[in-house]
Amino acid sequence: MNQVRSIALAALLLPGLALIGACSSEPSNDSKESILEPDGDGTPADNGGEAPADNGGEVPADNGGEAPADTSPDAQMFTCHASKSPMFNSRDVLNMRISADFTKLNSAPTKEESSSQAVIELSDQSGAAPITANIIARGVSRFRCGFRPFSLKFEEKQKDNIFAHLGKSVKFVTHCGDREGLSATLKADSIETYEQRVLMEDTVYQVLDQLQVPSLKTRLVRLTYHDAPTGQEETHLAFVREPEDEMAERCGMVEWEELSGVDTSQLKVDQVGLLLLNLLHDFVIQYDGIEGKNLVTMVDLDRKAICYAPYDFDLVGVSRPDYVANEGRTLEQNRDAFADWLRRNQSPTLFDQIDRMLARADQMQRAVDQSNMNEENHEVFSRWLSLYLGLLRDFRACEGHTDDPSRPLCHVEDDHGDRPDSASVVEPGEWSARIEPPGDVDMFAVDLKENTLYSLGGRVPLELFDTQQNLVASASDRTVSFKPSQTGTYYLRASVGEQLVSSPLLPSPEDIDRYISLYTDDHGASLETATTLEAGQAVEGKWELAKGEDEDWFLLSAGASTNLHIVLRDTDTGRIEVSRRGAPAEELPLEETLLEGDNDVSSLFEQPGQYVVRVIQMLGLRANGSYTVTLQ
């Protein structure tokens with residue numbers, strides 16, 4: 001995977017990093033305001049004034065009398081065009097017959113071996129010429145299904161048929177069906193249950209489609225499978241899913257996989273888009289939408305912004321509470337978790353997104369009402385919408401009441417003051433802060449001594465100021481070391497800045513309570529504060545932290561026969577990372593695990609030169625270890 005995309009997806013996992021049409025304008029970062037200003041909370045400004053793109057004039061075949069959405073700049077933030085494909089201009093079930101080697105498609109050991117020629121016929125379009133394509137199985141877990149999902153691949157883009165404006169490859173989601181060894185997650189008790197799962201997944205797509213956000217369009221198909229080798233036929237429900245690149249294009253972006261010859265080094269994750277992604281995932285109870293899974297990654301090239309769209313809703317908590325990630329939670333339990341997420345992540349931007357969802361509540365309910373789900377599943381989906389939309393209406397009234405403890409749906413207790421005069425007084429060492437909701441600032445007052453080595457780090461961006469508001473040090477994604485020029489009281493400011501999501505839906509304690517350390521250090525964690533090692537010298541080191549990851553940096557000159565030993569004491573393990581100064585960018589650092597006792601790491605110095613050696617404490621293991629470094 002491209003390294004930049006790996007970083008972008010990693011951002012989804014980090015608390016504090018959290019879609020919107022062609023990506024919204026990014027909120028401003030107000031982290032440079034005076035730390036003495038009482039209102040300097042870094043809250044991003046509402047940017048809901050982005051004008052929408054033309055919606056292409058599409059009118060659904062059955063919209064229940066829905067009035068056109070208000071598209072004034074103040075009322076409409078989403079900017080996706082309507083699809084130009086005739087596939088999605090109606091919600092009527094499409095009757096389709098495909099003749100292909102389905103025996104091979106559903107039994108081949110690999111996707112590559114599953115392909116055959118297919119002939120597609122539409123019974124709803126009498127006299128229309130058959131369409132030919134190559135058919136090939138797809139899917140990951142669903143590749144194990146009795147009826148595998150598949151793609152139709154055309155030799156060229158289609159123009160005058162149902163597949164026009166869908167590119168050269170179109171994906172179908174099928175009903176799965178029994179197969180020996182099928183996992184309990186996928187297995188169902190009847191064909192009807194398999195088909196109901198198709199209908200429920202399609203309904204989630206249809207609900208999100210009403211919001212006019214980047215989301216894949218779908219169309220139900222009553223599909224007759226004609227197995228060409230045997231002549232056997234059977235008919236089941238499936239749905240066509242819009243190609244990811246076509247969705248990205250109508251939303252003014254480019255799908256990541258379509259980027260070619262583009263400099264991706266300056267791309268940043270769009271924060272408003274990431275907030276909306278979290279909101280949509282949590283709204284449909286998509287606990288599986290983490291770790292970069294179930295996301296379409298897109299880029300707004302004009303704004304150099306990365307955006308995401310959610311997809312793959314077969315295992316959401318609405319329809320599959322039995323799925324392992326959903327832990328059997330009821331709709332009420334999921335609603336309560338969602339309420340907690342809303343409270344902890346409230347911001348003007350979040351309230352704005354909720355306004356837009358509530359404005360289309362009737363359309364979402366109509367999407368459920370028009371679904372072909374059975375009565376039982378209709379009731380579940382209607383109850384889900386009622387619970388969740390009711391929560392959003394109640395929560396919408398929270399704006400401006402974060403500080404009111406009599407309103408538990410709204411109130412977020414502030415664990416530390418946000419100004420120097422209300423700062424929490426701490427000693428150098430380790431502590432935690434809860435930076436919620438986004439825009440919250442936690443301030444700490446700490447006394448430091450001049451010309452003493454300190455290191456600063458943690459799981460939240462930090463800035464250290466002196467009493468004259470001069471920035472002394474800052475840390476974001478790694479530990480930094482410094483020496484104050486004078487003794488006195490310093491103020492440490494912790495804030496997530498422009499980030500609009502402070503923690504995930506079901507956070508672990510470390511996701512909420514952000515670890516912070518500002519401690520007296522024996523060896524620094526920067527070139528300026530690194531300790532120089534001399535041949536024949538033994539240097540003692542200590543890891544000062546109980547919960548964190550202390551780094552001690554050393555500089556040395558390596559020759560043809562450099563000999564470096566590290567004797568580790570009082571801890572189970574550590575890590576060493578070695579980088580040659582002035583090395584070309586493609587030369588990666590060498591690293592090795594350190595075990596308790598004597599570690600000969602001489603082999604890491606492969607050629608003569610100046611080296612930076614990082615001796616790193618392993619997070620979460622036995623704390624406060626010590627070591628001796630000896631260079632020969």
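For the structure itself, look to the data block above.
Residues numbered from 1 in each chain as written. Predicted model: local features only at pLDDT ≥ 70, side-chain atom pairs only at ≥ 80, totals over all residues. Heavy atoms only, no water.

Q: Just to check I follow, could you spell out the sheet that holds strand β20 (residues 513-520) for this structure?
A: Spatially, the four strands line up as an open sheet ordered β13-β20-β15-β18, and their pairing is antiparallel. On the outer flanks of this sheet lie β13 (429-434) and β18 (480-482), each paired with one strand and no other. The mean angle between the axes of side-by-side strands here comes to 20°, regardless of whether they run parallel or antiparallel. Relative to β18, strand β15 (residues 454-458) runs antiparallel, the two sharing three bridges. (Pairing = 2+ DSSP bridges. Helix = DSSP H or I, 4+ residues; strand = E, 2+ residues; numbered from the N terminus. Axes fitted to C-alpha atoms, helices over the stretch in contact; angles between N-to-C directions.)

Q: I would appreciate a short explanation of empty space enclosed by the protein in the present structure.
A: Take a probe with the size of a water molecule and roll it over the atoms, and the empty space left behind shows itself. Computed from the structure, the largest cavity encloses a volume of approximately 160 Å³. Lining the largest cavity we find 14 residues, and of these R142, C176, L186, R197 and D314 sit closest to its centre. Classifying every residue of the lining of the largest cavity by side-chain character gives six nonpolar, three polar and five charged. (1 Å grid on protein atoms, 1.4 Å probe; cavity = no way out; pocket = protein on both sides within 12 Å on 5 of 7 lines; lining within 4 Å. Points joined across faces, edges and corners; volume = space filled by probe spheres on them. Nonpolar A, V, L, I, M, F, W, Y, C, P; charged D, E, K, R; others polar.)

Q: Whenever I open this one, the packing of helix α6 (residues 331-344) against helix α9 (residues 375-396) confuses me. Can you help?
A: Helix-helix packing is characterised by the crossing angle of the two axes and by the distance between the axes. Between α6 and α9, the least distance of the axes is 10 Å, while the angle of their chain directions is 25°. Here α6 is positioned roughly parallel relative to α9, judged by the angle of their axes. The interaxial crossing formed by α6 with α9 has right-handed handedness. Contacts between α6 and α9 involve L331, E332, N334, R335, F338, A339, L342 and R343 on the former and, on the latter, V380, R383, W384, L387, Y388, L391, L392 and F395. Taken together, the residues of the contact of α6 with α9 sort by class into 11 nonpolar, one polar and four charged. (Parallel < 35°, antiparallel > 145°, perpendicular 65-115°, else oblique. Left-handed = near helix turned anticlockwise from the far one by under 90°. Contact = heavy atoms within 4.5 Å.)

Q: Which parts of the structure should I look at to understand the side chain of D282?
A: Following the sequence through the fold, D282 ends up in helix α5 (residues 271-283). At 7.6 Å, R344 is the nearest oppositely charged side chain to D282, a buried residue that forms no salt bridge. Aside from chain neighbours lying at most four places away, what touches D282 is F338, W341, Y388 and L505. (Buried < 20%, exposed > 50% of the residue type's maximum accessible area, 1.4 Å probe, protein only. Lys, Arg positive; Asp, Glu negative; His and termini not counted. Salt bridge = Lys/Arg side-chain N within 4 Å of Asp/Glu carboxyl O.)

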